[in-house]
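# Structure at a glance
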Amino acid sequence: MRVIDSHVHLYPAEVDIDPAGWAAAREEKHWALLCTRRRRDGRPVQSLPTLDGLLQAMDAGGIARAVLLGWYWEKHDTCAWQNRFYAECVRAHPDRLSAFATFHPAAGRAVVIEELRRAQGEGLIGIGELSPHSQKFRVDDPVFGEALTLAAELKMPVNLHASDPE
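Basis of the calculations
Residues numbered from 1 in each chain as written. Predicted model: local features only at pLDDT ≥ 70, side-chain atom pairs only at ≥ 80, totals over all residues. Heavy atoms only, no water. Phe/Tyr/Trp six-rings, centres within 6.5 Å; stacked < 30°, edge-to-face > 60°. Helix = DSSP H or I, 4+ residues; strand = E, 2+ residues; numbered from the N terminus. Buried < 20%, exposed > 50% of the residue type's maximum accessible area, 1.4 Å probe, protein only. 1 Å grid on protein atoms, 1.4 Å probe; cavity = no way out; pocket = protein on both sides within 12 Å on 5 of 7 lines; lining within 4 Å. Points joined across faces, edges and corners; volume = space filled by probe spheres on them. Nonpolar A, V, L, I, M, F, W, Y, C, P; charged D, E, K, R; others polar. Core = buried A, V, L, I, M, F, W, Y, C linked by side-chain atoms within 4.5 Å. Contact = heavy atoms within 4.5 Å. Lys, Arg positive; Asp, Glu negative; His and termini not counted. Salt bridge = Lys/Arg side-chain N within 4 Å of Asp/Glu carboxyl O. Polar contact = N/O pair within 3.5 Å; in protein donor to acceptor, adjacent residues only side chain to side chain. Axes fitted to C-alpha atoms, helices over the stretch in contact; angles between N-to-C directions. Parallel < 35°, antiparallel > 145°, perpendicular 65-115°, else oblique.

## Some words on the packing of aromatic side chains
Here the structure, examined in full by the defined rule, presents 11 aromatic pairs. Between Trp 22 and Trp 73, the ring centres sit 5.5 Å apart and the planes meet at 65 degrees, which makes this aromatic pair edge-to-face. Here the residue Trp 22 occupies a position in helix H2 (residues 19-26), and Trp 73 occupies one in the loop between strand E2 (65-68) and helix H5 (76-92), the gap between them amounting to 51 residues. Taken as a pair, Trp 22 and Trp 73 share a single burial class, namely buried.

## So, the layout of surface pockets
When its volume is computed, the largest pocket comes out at roughly 210 Å³. If you go around the largest pocket, you meet 13 residues; those closest to its centre are His 9, Tyr 11, Gln 46, Ser 47 and Trp 71. Here the lining of the largest pocket is composed, by residue class, of 9 nonpolar, 3 polar and 1 charged.

## Structural notes on the nonpolar core
Judged by nonpolar contacts, the single largest core of 33 residues is most densely connected at Leu 10, Leu 68, Leu 97, Phe 103 and Leu 116. Of all the secondary structure elements, the ones that give two or more residues to this core are helix H4 (51-61), E2, H5, strand E3 (97-101), helix H6 (109-121), strand E4 (126-130) and helix H8 (142-154). Dropping the residues within four chain positions of it, Leu 97 is found in contact with Leu 51, Leu 54, Met 58, Arg 65, Ala 66, Leu 68, Cys 89 and Val 90.

## A look at the side chain of Arg 65
As for its placement among the helices and strands, Arg 65 is situated in strand E2. Put simply, Arg 65 is tucked away with no salt bridge, and the nearest opposite charge, on Asp 95, sits 6.4 Å away. For Arg 65, the side chain forms a polar contact with the main-chain oxygen of Pro 94, separated by 2.9 Å. At a separation of 3.3 Å, a polar atom in the side chain of Arg 65 contacts the main-chain carbonyl oxygen of Asp 95. Those residues in contact with Arg 65 that sit more than four places away from it in its chain are Arg 2, Val 3, Ile 4, Asp 5, Met 58, Pro 94, Asp 95, Arg 96, Leu 97 and Ser 98.

## A short note on the packing of H5 against H6
Between H5 and H6, whose axes approach to 11 Å, the crossing angle comes to 10 degrees. As the angle between them shows, H5 and H6 are arranged roughly parallel. Of the residues in H6, those touching H5 at His 76, Ala 80, Asn 83 and Arg 84 are Val 111, Glu 115 and Arg 118. Split by residue class, the contact of H5 with H6 holds 2 nonpolar, 2 polar and 3 charged.

Dropping the structure here:
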C-alpha cells in the first residue's frame, strides 16, 4: 500500500535559522504567532524540518509521497517566495513530492492569476492552503472568486484552512 501525506508544510533552511527574525523581516505576524511558540522548557512547539529532514522522516514512516501545502501568508511576496521554493523541491524530487501554490487576493487580480498560472507551469498541482480569516480577506472577495474559477479551469484542487476565526 502506498501512503501519501497530504498536508505538509515545508520552509527553506533560512527560516529555521531564526524563525522569529525571519517572520519579523517579512511582516508575517500570524505565522510568527503560530510557528515561533516555545514550550515551558524552551523547546519550540513547531518543528521546521529541512527538505532532507522531511525526506528522511518520510522514509522512516513509510511515506511514499508528500503534498506540500503553502501557508496562508499575509503578504503576496511571501506567497510567491514559497511557491518558488516548492517548485524547486518538486523539480528535485518529482517521485516523492507534489505541491500546492498559495496566494493572497490583496495582490490584485492580474498578479494572482499570473502567479497561479506560473506555479502550475512549474509543476504545482493545487492551490492552498488558504485561510480567509487568517489572511484577512472575505470569502466573497472577487479576486478570491476568480482564483477559484481559474483553479476549476486548470483542474487544480483547492485546500482551505477551516476553523473558527476566534
